[in-house]
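What the coordinates show
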Amino acid sequence: MLVIVAPGQGAQTPGFLSPWLEIPGLRDRLSAWSDVAGLDLISYGTTAGADEIRDTAVAQPLLVAAGLAVAEVLLSPAGAGSAGDGGAVTPGVVAGHSVGEFTAAALAGVLTPEQAVALVGQRGQAMAKAAAITQTGMTAVLGGDEEEVLGAIERHGLTPANINGAGQIVAAGTAEQLAAFAADPPARARLRSLSVAGAFHTHHMAPAVEHLRSEAAGVTPGDPRVTLLSNADGQAVASGAEFVERLIAQVARPVRWDLCMATMAGLGVTAMIELLPGGTLTGLAKRALPGIETVPLKTPDDLAAAGTVISKETAQ
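Quick caveat, the model's predicted, so the values are computed rather than measured.

Time to look at the layout of surface pockets. What the largest pocket holds in volume is close to 600 Å³. Gln-9, Gly-10, Ala-11, Leu-194 and Val-196 are the residues nearest the centre of the largest pocket, which is lined by 32 residues in total. Looking at the lining of the largest pocket residue by residue, the classes come out as 15 nonpolar, 14 polar and 3 charged. In this structure, the second largest pocket spans a volume of roughly 320 Å³. Taken together, 17 residues line the second largest pocket, and the ones lying closest to its centre are Leu-75, Val-89, Ala-106, Leu-107 and Arg-225.

Now the structure itself:
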């Protein structure tokens, strides 16, 4: 069984879109979505610097649009995984990490691509505003005993904003709380400060939740056409309306990617393709899901390997 996953904020790097724009139709697609987002996504994905694309209001629509554009290439009847029979490729499972859930929602048919780009643009702006209220941030905790790590996070008044599995938990809170945490880290754990604008997936994002709920009020979602996993608890969600509500609440709630991977294992997932810019989620899968075949999409050269995986999975 094939799962297609979409990475979250922080996966973007300067110029990551440049090699993909040579693919016919992709530039036009991104140009149209730039109008929807109110941002020049092509410029941000090709010539903008690291600080520019670190901006939450830019990074989120940029990642979703890039993932969806490349997914259309990959899954189309003439795409990398096509057997030449004129049929589009359908994955067995889709999931996204944090903002990547908007990409996954569009791939599953819960949202149209245009709705996903528009809503995530509003999400990014609202989260940027919420992050400006108080100086907050996020720190990755690598290794250590999970119970001890979670205990230390709680002791310092922080939130385990991402529980990613494979020995990786992300703590989030105020700058003062994170400084105290760094001075008193969990045993046998390494801390790495993340280059993000604020404490995402915590109560600090509550103002963004209400804004996104208001923006989503006019959307009529479809029910998922494929198995769609939720960051809230790792479970498959069969109702489009419920999934959109989870997308909204997720802004201020922890991401449980560890539970998503546990569900993938239970479903019998054997291969994972990570959409552009890939690497983070396939890296976690290599450690948490031993034996799974992984393909991170970083450049168009990776489409051939992804096509091979798709052909193998659909032939079984």
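What follows is about helix H10 (residues 240-250). Those residues of H10 that fall on the buried side of the exposure criterion are Gly-240, Phe-243, Val-244, Leu-247, Ile-248, Ala-249 and Gln-250. Contacts made by the buried residues of H10 are with helix H5 (100-107), helix H6 (113-131), helix H9 (206-216) and strand E7 (227-228). For H10, the side-chain oxygen to backbone nitrogen distance between the N-cap and Ala-241 is 3.4 Å, and the N-cap itself is Ser-239.

Between H6 and H9, the least distance of the axes is 8 Å, while the angle of their chain directions is 155°. The orientation of H6 with respect to H9, classified from their angle, is roughly antiparallel. Crossing handedness for the pair H6 and H9: right-handed. Within the contact between the two elements, H6 uses Leu-119, Gln-122, Arg-123, Ala-126, Met-127 and Ala-130 and H9 uses Pro-207, Ala-208, His-211, Leu-212, Glu-215 and Ala-216. Its residues assigned to classes, the contact of H6 with H9 comprises 8 nonpolar, 2 polar and 2 charged.

The subject of this paragraph is empty space enclosed by the protein. By the definition in use, this model includes 2 cavities of 30 Å³ or more. Its volume calculated, the largest cavity comes out at about 50 Å³. What lines the largest cavity is simply Ala-6, Pro-7, Leu-63, Val-64, Gly-67, Val-99, Gly-100, Thr-103, Leu-275 and Leu-276. Where the lining of the largest cavity is concerned, the elements lending two or more residues are helix H4 (56-75) and H5. With 3 residues, the top contributor of residues to the lining of the largest cavity is H4. Partitioning the lining of the largest cavity into residue classes produces 7 nonpolar, 3 polar and no charged. Put simply, the second largest cavity is a space of about 30 Å³. Lining the second largest cavity, in full, are Phe-102, Leu-119, Leu-212, Ala-216, Val-244, Leu-247 and Ile-248. When residues of the lining of the second largest cavity are traced back to their parent elements, those giving at least two are H9 and H10. The biggest single contributor to the lining of the second largest cavity is H10, with 3 residues.

With that settled, the discussion passes to the sheet that holds strand E6 (residues 189-193). By definition, the strands of a sheet pair up through backbone hydrogen bonds, in either a parallel or an antiparallel sense. Strand order in this open sheet of 4 strands is E4-E5-E3-E6, and the pairing throughout is antiparallel. Every other strand in the sheet has two partners, leaving strand E4 (159-165) and E6 as the edge strands with one partner each. Adjacent strand axes in the sheet meet at a mean angle of 25°, parallel and antiparallel pairs treated alike. Note that strand E3 (residues 136-143) and strand E5 (residues 168-174) share 7 bridges and pair antiparallel. What sits directly across from Thr-136, in E5, is Thr-174. Helix H8 (residues 175-183) rests against E3, E5 and E6 of the sheet, and its axis sits at about 135° to E5.

Topologically, Asp-258 is positioned in helix H11 (residues 257-267). The exposure class assigned to Asp-258 is buried, which follows from its relative accessible area of 16%. Remark: the alpha-carbon pair of Asp-258 and Ala-171, spanning 87 residues in sequence, is separated by 15 Å. When near neighbours in sequence (up to four residues on either side) are disregarded, Asp-258 contacts Ile-163, Asn-164 and Gly-165. Side-chain polar atoms of Asp-258 contact the side chain of Arg-256, separated by 2.7 Å.

We now examine helix H1 (residues 26-37). The end-to-end C-alpha distance of H1 is 16 Å, a good match for the 16 Å that 12 residues give at a rise of 1.5 Å each. Contact partners of the buried residues in H1: helix H2 (41-46), H4 and H6. In the stretch just after H1, Gly-38 is the one whose phi turns positive, near 70°.

Let's shift gears to the nonpolar core. Counting residues in each nonpolar core, the largest one holds 80 residues, and the members touching the most others are Leu-26, Leu-30, Leu-74, Phe-102, Leu-111, Ile-273 and Leu-297. Among the elements that line this core, the one with the most residues is H4, at 12 residues. Beyond its immediate sequence surroundings of up to four residues, Leu-30 is in contact with Leu-17, Leu-21, Leu-41, Ile-42, Ala-65, Ala-66 and Ala-69. Grouped together as the second largest cluster of nonpolar side chains are 17 residues, Val-93, Ala-95, Val-255 and Trp-257 included.

Thresholds applied
- Residues numbered from 1 in each chain as written.
- Predicted model: local features only at pLDDT ≥ 70, side-chain atom pairs only at ≥ 80, totals over all residues.
- Heavy atoms only, no water.
- 1 Å grid on protein atoms, 1.4 Å probe; cavity = no way out; pocket = protein on both sides within 12 Å on 5 of 7 lines; lining within 4 Å.
- Points joined across faces, edges and corners; volume = space filled by probe spheres on them.
- Nonpolar A, V, L, I, M, F, W, Y, C, P; charged D, E, K, R; others polar.
- Buried < 20%, exposed > 50% of the residue type's maximum accessible area, 1.4 Å probe, protein only.
- Helix = DSSP H or I, 4+ residues; strand = E, 2+ residues; numbered from the N terminus.
- Contact = heavy atoms within 4.5 Å.
- Polar contact = N/O pair within 3.5 Å; in protein donor to acceptor, adjacent residues only side chain to side chain.
- Axes fitted to C-alpha atoms, helices over the stretch in contact; angles between N-to-C directions.
- Parallel < 35°, antiparallel > 145°, perpendicular 65-115°, else oblique.
- Left-handed = near helix turned anticlockwise from the far one by under 90°.
- Pairing = 2+ DSSP bridges.
- Expected span 1.5 Å × (residues − 1).
- Core = buried A, V, L, I, M, F, W, Y, C linked by side-chain atoms within 4.5 Å.

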